[in-house]
Amino acid sequence: FFRTGSQLGELEPQIEEAMAEKARYRAFIREKTHELRVRDSILSQIGTISAVDRARYAWPHILDEVAYALPDNTWLTEVTQLATNIANDPGASVVPVIRVQGITGDLANYTAFLRRLEASPWLVNVLPLQAQSVIQGNRPLTQFTIQATFSQADSSVIRSQPIIESVVED
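Since the structure is predicted, the reported quantities are computational estimates derived from the model, not experimental observations. (Residues numbered from 1 in each chain as written. Predicted model: local features only at pLDDT ≥ 70, side-chain atom pairs only at ≥ 80, totals over all residues. Heavy atoms only, no water.)

> Provide a residue-level description of the overall build of the protein, including the pertinent values.
Within the protein, the regular secondary structure consists of 4 helices and 4 strands. Going from N to C terminus, the protein has its helices and strands arranged as α-α-β-β-α-β-β-α. Each of the 170 residues in the protein was classed as buried or not, and the buried ones make up 21%. Long-range contacts, defined as pairs at least 24 residues apart, comprise 63% of the intrachain contacts of the protein with a sequence gap of at least 6. Carbon and sulfur atoms provide 54% of the accessible area of the protein, an area that totals close to 12900 Å². (Helix = DSSP H or I, 4+ residues; strand = E, 2+ residues; numbered from the N terminus. Buried < 20%, exposed > 50% of the residue type's maximum accessible area, 1.4 Å probe, protein only. Contact = heavy atoms within 4.5 Å. Areas by Shrake-Rupley, 256 points an atom, 1.4 Å probe, with all protein chains shown as cover.)

> Requested: an account of the pattern of salt bridges, with residues and values cited.
The tally for this structure, following the rule as stated, stands at 1 salt bridge. For aspartate 40, the salt bridge identified is with arginine 39, shortest N-O distance 3.0 Å. The exposure class assigned to aspartate 40 is partly exposed, which follows from its relative accessible area of 42%. (Salt bridge = Lys/Arg side-chain N within 4 Å of Asp/Glu carboxyl O.)

> How would you sum up a nonpolar patch on the surface? Please name residues and give values.
On the surface, Val38, Ile42, Leu43 and Ile46 cluster together into a nonpolar patch covering about 330 Å² of accessible area. On the secondary structure map, isoleucine 42 appears in helix α1 (residues 2-56). Classification of isoleucine 42 as partly exposed rests on a relative accessible area of 42%. (Patch = residues over 30% accessible without salt bridge, like charges linked within 9 Å, V, L, I, M, F, W, Y side chains within 5 Å.)

> Please set out the environment of alanine 108 residue by residue, giving values where relevant.
Relative to the helices and strands, alanine 108 resides in helix α3 (residues 107-119). With 37 residues separating them along the chain, alanine 108 and proline 71 place their C-alpha atoms 9.6 Å apart.

> Describe in detail helix α2 (residues 58-69), supporting the description with residues and values.
Taking 1.5 Å of rise per residue, the 12 residues of α2 would be expected to cover 16 Å, and the 17 Å separating its terminal C-alpha atoms lies within 8% of that figure. Turning to α2, its buried residues are Ala58, Ile62, Glu65, Val66 and Ala69. Relative to the axis of α2, the buried residues are bounded by an arc of 95 degrees and lie together on one face. Turned more than 90 degrees away from the buried face of α2, the exposed residues are Asp64, Ala67 and Tyr68. (Expected span 1.5 Å × (residues − 1). Arc of directions from axis to C-beta.)

> Which residues make up the nonpolar core, and what values go with them?
Counting residues in each nonpolar core, the largest one holds 18 residues, and the members touching the most others are Val66, Ile98, Phe113, Leu117, Leu123, Val126 and Ile146. Those residues in contact with leucine 117 that lie beyond four places of it in its chain are Glu65, Val66, Ala69, Leu123, Val126 and Ile146. (Core = buried A, V, L, I, M, F, W, Y, C linked by side-chain atoms within 4.5 Å.)

> With reference to specific residues and values, describe the sheet that holds strand β3 (residues 123-136).
Read from one edge to the other, the open sheet built from 4 strands follows the order β1-β2-β4-β3, with strand pairing classed as antiparallel. Of all the strands in the sheet, just β1 (74-83) and β3 have a single pairing partner and so form its edges. Taking the axes of each pair of neighbouring strands and ignoring which way they run, one obtains an average angle of 15 degrees across the sheet. Contacts from α2 reach β1, β2 (97-104), β3 and β4 (139-150), with the element oriented near 150 degrees to β1. Sitting on the sheet, α3 touches β1, β2, β3 and β4, and the angle it makes with β3 is about 165 degrees. (Pairing = 2+ DSSP bridges. Axes fitted to C-alpha atoms, helices over the stretch in contact; angles between N-to-C directions.)

What follows is the structure, given as structure tokens:
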């Protein structure tokens, strides 16, 4: 009886310590589960925002690429959007198809413009629709129409900046 009592006396602190450790681990696991749920929720929200942003910033990329490709002595008269949805599905993502019309003083500038647009990572299916000579002010010019489709560029081309860095003032 005495021996069992002394063993019980030695084991009771260990049992209390094990119970306290169990309670600590239970709280830790509960906190970790909560943090995982929060993380999953945030990742879901980021995915939704990214899906919206993919289509939202199409026109800045289109206009940047057209402006970059434009050679000297070439004027744009119109940049319009023809279509927005290739797959006839209302839930499909927006894919702008654009038409660029302009005038140039040199046919070489027209071909250079076409080559630069074709080299763009943001524009695909660049098609020359029309090119004709016109006379304006006793000067022969080339009037042209080009069609292209916007395409999300490869991730190696896209340069992004974390939100925190973009709002920090120098």
